[in-house]
Amino acid sequence: MPIRQLSETMINQIAAGEVIERPASVVKELVENALDAGASRVEIVTAGGGLSLIRVTDDGSGIAEPELSLAVARHCTSKLSDDIHDIRSLGFRGEALPSIGSVARLSIRSRTATGDSAAEIGIEGGRVSAVKPAAANRGTTVEVRDLFFATPARLKFMKGERAESSATSDVVKRIAIAFPSVRFTLAGSDRSTLELPATGDTPDGRLARVAQVMGKDFPDNAIAIDAMRDGVHLAGHVSIPSYTRANALQQYAYVNGRPVRDKLIAGAIRGAFADVLPRDRHAVTVLFLTIDPATVDVNVHPAKADVRFRDPGLVRGLIVGAIREALAGAGIRAATTGATGMMAAFRPGAAPYAHPGPANGHRSYEAAYHASGFGGFEPARSPQRPLDMGEARPARNGFAENDQAAFDTGPLASGDARAGTAEPAEALLGMALGAARAQVHENYIVAQTRDSLIIVDQHAAHERLVYEALKNALHSRAVPSQMLLLPEIVDLPEEDAERLAMHSQTLAKFGLGLERFGPGAVAVRETPSMLGETNVQQLVRDLADEIADNDTVETLKERLDRIAATMACHGSVRSGRLLKAEEMNALLRQMEATPGSGTCNHGRPTYIELKLADIERLFGRR
């Protein structure tokens, strides 16, 4: 077949195959255009999961009538200067509108602030219609109907209507977080309406927008991040270790305001939380990187989802260091969701009525129970409510131990150890974890602060303390190494051997001594003593792969940390050991002074806090 020039329609359809993957891709491109136009309000309407209809309306600067025909031509844009490395807008290629028009029925209606009237242009399967007058307010409305009608084979790869609608919602939320001063509305016959009112481009406003998208629990369980290194600024919020998710879908990252899904950033987040989260749990994060546009390439992915940094080691180091420093400086905090779960477990009437009913399996008894109107306990209406309920009471610190002194005269069957009948010192009640009052089931320490009750898992807590002590001892000096009787020769590609040689001094600090051994090989003469007998070949190859990807040697450090974690698990206070009052209080004080002590090495929470106000609600006093 001879070489020939492809038609303009075919070129646009090929471009659409790269840029327009699904309806959510169309919404992303159109919303980015609206934001680049300076819109303060963006309204999105969809139908049929976005395959039947996508309509995006904004109040931006609009498109002048003479420029409408250029707007739907390839490689025509108002967002790019002569320098491809100085990109400061979300879009810049000028491919989205012609690509969409080549596979769908597209219409654009726009009016500028100074225009007397609006104008409209349409494209259907790549055929452009003439510009004609229209009626519209200031701004632009882009309507896309029958997506992929011109390329029906693409429809076979679409998921169900619900899945496509969900993907569109995720795109809008991801973009909305970066633009808190813009109001977003997402509606349609295929979804419930999503409204995100503008909150303002201030620290409080940005956090309020994050709460709109990620839920009101996140701000209460988040730590602020603000760090700068070599001209790169990192800001945002990360969750405390005890507030996690089962997947990484709620990890949002932005580079110069652009939403990205970058594996370097995801790996840095994973590395920063490696010590405090279980392997199957993920942190919740919202991170904003501000960097010189000349040092980051956003033109490496057709949909601009990935970026490439000139100095990836700098960016990774900044993210890992900033998150770890924030976690260490945040002190000891328990997730609010832990107390919520405890409240739900204790609350009368919260669980469905569990009477087994008649033996034949009918649920008439349960149905009658709920129909009677007694489906939930209402403390305020109960004749057995506390006498002082609803009445003004003077503020009281703690749990009124003086009033309950009579109950301290004899042993309590529910406690394995008592922390003394004397009142705890006022200073201890003011500490974050308060004063120990008892040990129950030979594993749980019950402590009291001025306004809360705290339950501590003694084994999990001490495991974290021992682990942190081992880590500090391990990394405060060179790791002891063991000399191999015969050097291990590892054959590698030349570039991998060169990278390992460049990092040989860093590896030596972790106890791994290696050097070049001719072309395409390294000789390993020493290995870390802690590893014992290890697969040197696999270890060196893993390190070479990591250096190639991230320019770091974290693999070796993580292996040493895992050994320290195992040692900590076996060397900590075991469940079933009775502790004295002094031992319990000493453990609480150590937890307060140790970063990351809110979770154990395996990511489980070490304590749960229940506020006095919540306890009073359980008993109908509030």
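Before reading on, note that the structure itself is shown above.
Everything numeric here is computed off the predicted structure, so don't read it as measured data.

J.: Talk me through the pattern of salt bridges; I want residue IDs and the actual numbers.
T.: Two side chains of opposite charge can pair, provided their charged atoms sit close to one another. In this structure the tally under the stated criterion is 21 salt bridges. Between Glu-515 and Arg-525 there is a salt bridge whose closest N-O contact spans 2.8 Å. Of this pair, Glu-515 sits in strand E24 (residues 513–516) while Arg-525 sits in strand E25 (residues 521–528), and the two are ten residues apart along the sequence. For Arg-525, a relative accessible area of 33% corresponds to the partly exposed category. Of the charged contacts, one joins Glu-592 and Arg-589 as a salt bridge, the two residues approaching to 2.8 Å between their closest N and O atoms. With Glu-592 and Arg-589 both in helix H18 (residues 581–593), this residue pair falls three residues apart, about one helical turn. Among the residues examined, Glu-592 registers a relative accessible area of 19% and is labelled buried.

J.: Summarise the packing of helix H8 (residues 263–272) against helix H9 (residues 312–329); cite the residues concerned and give the values.
T.: Contact geometry for H8 and H9: axes closest at 9 Å, N-to-C directions at 35 degrees. Our pair here, H8 against H9, has a crossing hand that is right-handed. For the pair H8 and H9, the contacting residues are Leu-264, Ile-265, Gly-267, Ala-268, Ile-269, Gly-271 and Ala-272 in the first and Pro-312, Val-315, Arg-316, Ile-319, Val-320, Ile-323, Arg-324 and Leu-327 in the second. When its residues are assigned to classes, the contact of H8 with H9 shows eleven nonpolar, two polar and two charged.

J.: Give me the lowdown on empty space enclosed by the protein, citing residues and values where you can.
T.: Counting across every chain of the model gives one cavity of 30 Å³ or more. Roughly 100 Å³ of internal volume is contained in the largest cavity. Residue lining of the largest cavity: 13 residues in total, with Pro-241, Gly-331, Arg-333, Gly-596 and Gly-598 positioned closest to the centre. A per-class count over the lining of the largest cavity returns six nonpolar, six polar and one charged.

Conventions adopted
Residues numbered from 1 in each chain as written. Predicted model: local features only at pLDDT ≥ 70, side-chain atom pairs only at ≥ 80, totals over all residues. Heavy atoms only, no water. Salt bridge = Lys/Arg side-chain N within 4 Å of Asp/Glu carboxyl O. Helix = DSSP H or I, 4+ residues; strand = E, 2+ residues; numbered from the N terminus. Buried < 20%, exposed > 50% of the residue type's maximum accessible area, 1.4 Å probe, protein only. Axes fitted to C-alpha atoms, helices over the stretch in contact; angles between N-to-C directions. Left-handed = near helix turned anticlockwise from the far one by under 90°. Contact = heavy atoms within 4.5 Å. Nonpolar A, V, L, I, M, F, W, Y, C, P; charged D, E, K, R; others polar. 1 Å grid on protein atoms, 1.4 Å probe; cavity = no way out; pocket = protein on both sides within 12 Å on 5 of 7 lines; lining within 4 Å. Points joined across faces, edges and corners; volume = space filled by probe spheres on them.

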